[in-house]
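Descriptive analysis of the structure
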Amino acid sequence: MIRTFATALLLAGFSVPASQAVGPAQPQPNSGPEAYALSTAGRSYLGVDIRDVTKDRMPALKLKEERGVEVTMVDRDAPAGKAGIREGDVIMDFNGEPVESEAQLRRLIRETPPGRTVSLGISRDGNPLKLNVQLAEHSKVVAGARLAPMPPLPPLPAMPDLANRMDVPGNIYIIRDSGRVGLQTENLTRQLGEFFGVKDGEGVLVRSVEKGSPAEKAGVKAGDVIVRAGDEKLADRGDFARVIRKHRAGGKLNLGIVRDKHEQNLTLEIPTRNPADSSANFAQSEELEALLDSVDALAPEIDSATRKITALKLQDQLEKAMQGYKKGMGDYDKAMRQYDDQFKDLNKKLEQMQKQFQREFHQML
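This report concerns the structure included in the present document. (Residues numbered from 1 in each chain as written. Predicted model: local features only at pLDDT ≥ 70, side-chain atom pairs only at ≥ 80, totals over all residues. Heavy atoms only, no water.)

**Topic: the nonpolar core**
Judged by nonpolar contacts, the single largest core of 21 residues is most densely connected at Leu46, Val48, Ile85, Ile91, Phe94, Leu105 and Leu120. Where this core is concerned, the elements lending two or more residues are strand 2 (48–52), strand 3 (69–74), strand 4 (90–94), helix 4 (102–111), strand 6 (117–124) and strand 7 (127–134). Apart from the residues within four sequence positions on either side, Phe94 is in contact with Val99, Leu105, Leu108, Ile109, Thr112, Val118, Ser119 and Leu120. (Core = buried A, V, L, I, M, F, W, Y, C linked by side-chain atoms within 4.5 Å. Buried < 20%, exposed > 50% of the residue type's maximum accessible area, 1.4 Å probe, protein only. Helix = DSSP H or I, 4+ residues; strand = E, 2+ residues; numbered from the N terminus. Contact = heavy atoms within 4.5 Å.)

In C-alpha cells, the structure reads:
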C-alpha cells in the first residue's frame, strides 16, 4: 500500500519526505517539481527485479525443481543488463551458493561490497549458464537521477469533413405572377401535394399575397392551394391563368382552396381591366398571357431539365469533394502514423520512469 502511494506521488511530481526513505535521504538539486532521487550509500546494485519461483511457473521456465528466483525486469544500464541477464532468466546460485528464495538473494547482494565481481548460475529456457557480473554502487547509479515530469499525450488529428466540401444547390422554382389579383403562384408536385393534403398534386400553390390586393381581401393566404376556380378544377397555373383571363370585365369568382388539409370556399373580386389601356397594350397583354400559357405547358419538361442540371452539378461537386476527402484522409493517415510514433516514444519514457522509480525506492537489487 505504501509502495503504491509512493508511486502515485512520484508520477504526480511530488517529493517523498526523507523520513519515509530507507536509509539517509539525499535530495538532488532540482529546478522543477520533479521527485527527489533517493539512494543508500554503500549498497550494491545488480539491476534486476525478482520473484520467487512457484510450481505454476516451473513449466514455463522449464525448471526441474522449485528453487531459484525469476528475473522479472532488467535495468539495461545497470550491471545485469550489461552482463546479458534477460527477463525470464532464473538465478539458481550466487558465487556457488544455491539460491532458494528472493529474500536470500537480496541478503547475499546486500552483504557483497560494491565493485566486487560475482558469479551467477542462470537457467535460461532450461539451459544452464554462468555469468560474471561486477556489482555497482547504488548511489552512483542513481546519482543525479530524478523523475522527469509526466510527458503529455499527443493530440489526436482531426478527421476530414466531407459535408463542408459540398455546396448543395437549393430548389429552383418557376413562379407565375398573377398581378391582376395580387398572387404569386407555382405548380404543385406530387410530393408537395401530399404535404398540403391535395390528391395527385393537382392545384396551384400560393407563394405570396400582395397587401391590399383583391386576393388578400378575399382571404387568400400564402400556403393555400387553389384547387378550383368557378366550376373548373385546376390542374396547374395555366388553368388558373386562363380562368382569370376569361373574366375581362371583372366580377366575382368562387375559389376552392385547401388550407391545413381542409377544403373551403372563398370569393375573389376580380377587378376590371383599366379602360385607359390602348388596344395595342391590350394586344401585347394578350400575347404575353399566351406566351406564359406556353411556358406553363412546358413546366414538366422544364422541371425535369432543372432536376438533371441540379444532379449534374451535384455529381461534379461530389467528385471534387471526394478528391479533397481522399487527400484529407491521406493527410489523416500520415498524422496518425506520427501519432503512433509519438505514443511509442511516450511508452518508452514511461518505462524509463518506472525503472527509475524502482531504483529510487530499492525494489530492484
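**Observations regarding the pairing of strand 4**
Counting buried positions over the 5 residues of strand 4 gives 5, a clear majority of the element. As judged from the 2 bridges shared by strand 3 and strand 4, these two strands associate in the antiparallel manner. Looking at the pairing, Glu70 lines up with Val90 of strand 4. Pairing of strand 4 with strand 6 involves 4 bridges; the strand directions are antiparallel. (Pairing = 2+ DSSP bridges.)

**Side note on the packing of aromatic side chains**
The final tally for this structure, using the stated rule, is 1 aromatic pair. Note on Phe195 and Phe196: the rings are 5.1 Å apart at their centroids and 90 degrees apart in plane angle, and the pair reads as edge-to-face. (Phe/Tyr/Trp six-rings, centres within 6.5 Å; stacked < 30°, edge-to-face > 60°.)

**Digging into the environment of Ala215**
Along the chain, Ala215 turns up in helix 7 (residues 214–218). Exposure remark for Ala215: the relative accessible area of 0% places this residue in the buried category. Residues Ala215 and Leu183, 32 residues apart in the sequence, show an inter-C-alpha distance of 6.7 Å. In contact with Ala215, not counting residues within four places along its chain, are Val181, Gly182, Leu183, Val209, Val220 and Leu268.

**Observations concerning unusual backbone geometry**
Notably, Asp125 is not glycine yet its phi reads approximately 55 degrees, a positive angle. With respect to the element layout, Asp125 can be found in the loop between strand 6 and strand 7.

**Quick look at the side chain of Asp239**
If you trace the backbone, Asp239 turns up in helix 8 (residues 237–246). For Asp239, a relative accessible area of 16% puts it in the buried group. Discounting residues that sit within four places of it in the chain, Asp239 has contacts with Lys233 and Leu234.

**Quick notes on the pairing of strand 14 (residues 251–259)**
Pairing of strand 12 (residues 225–229) with strand 14 involves 4 bridges; the strand directions are antiparallel. Each residue of the ladder has a partner; that of Ile226, found in strand 14, is Ile257. Where strand 14 folds back on strand 15 (residues 262–270), the antiparallel hairpin that results is connected by 2 residues, among which Asp260 adopts a positive phi of roughly 55 degrees.

Just geometry here; none of it tells us what the structure is for.
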